[in-house]
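What the coordinates show
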Amino acid sequence: MDLLDRAPDNVRERLDPHGDLGPSAPFDNVFNVDGTPAEPIPVTDANADAMGLEWGYVLHDHGIEVIALTWYDAGPIVPWDTDPLSRISGTPSLWDSKGPSPIQAPVTPLKITKPVAPAPAPARPRITR
């Protein structure tokens, strides 16, 4: 199953605005100890604790909910427009859903510029005879 399977269209658009990433490539060289091909293991509320997972991520229309599973059952929302150069804390106890995300904006924010169009080719002189 791909990360974006069944994600809302607007979530897909924010993560892959040009639609060029496509689904993840499946692993075809991963095997269980007994030699059988490995299958994906769905993570649910019922088995997350037994799997030893520390973090969970829920994609919402307005951002990503980051859940520190060892501390909380819900987490704060990180908006989609969060600057990717921000300093993000990895301390689970700071990811309480009742408080702000422990994210510090960079000193120099990411500057998004439009690509510069290539200059038009110079006109070639027309030879007449």
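Our subject in this report is the structure included herewith. Values in this document were obtained by computation on a predicted structure and should not be read as measured data.

1. Let's talk about the overall build of the protein chain
Helix and strand counts for the protein chain stand at 2 helices and 5 strands. When its helices and strands are written in sequence order, the protein chain yields α-α-β-β-β-β-β. Expressed as a percentage of its 129 residues, the buried residues of the protein chain come to 19%. For the protein chain, long-range pairs separated by at least 24 residues make up 23% of all intrachain contacts whose partners lie at least 6 apart in sequence.

2. What to know about the packing of aromatic side chains
Taken as a whole and assessed by the stated rule, the structure comprises 2 aromatic pairs. Each ring, one from tryptophan 55 and one from tryptophan 95, has its centre 6.1 Å from the other, and the planes form 90 degrees; the classification is edge-to-face. With a gap of 40 residues between them, tryptophan 55 in strand E1 (residues 55–60) and tryptophan 95 in the loop between strand E4 (87–88) and strand E5 (103–104) connect regions that are remote in the sequence. With relative accessibility at 2%, the residue tryptophan 95 sits in the buried group.

3. With respect to the pairing of E1
Pairing analysis gives 6 bridges linking E1 to strand E2 (residues 63–68), with the strands arranged antiparallel. Bridge pairing links valine 58 to glutamate 65 in E2. Linking two consecutive strands that pair antiparallel, namely E1 and E2, is a turn of 2 residues.

Scoring rules and cut-offs
Residues numbered from 1 in each chain as written. Predicted model: local features only at pLDDT ≥ 70, side-chain atom pairs only at ≥ 80, totals over all residues. Heavy atoms only, no water. Helix = DSSP H or I, 4+ residues; strand = E, 2+ residues; numbered from the N terminus. Buried < 20%, exposed > 50% of the residue type's maximum accessible area, 1.4 Å probe, protein only. Contact = heavy atoms within 4.5 Å. Phe/Tyr/Trp six-rings, centres within 6.5 Å; stacked < 30°, edge-to-face > 60°. Pairing = 2+ DSSP bridges.

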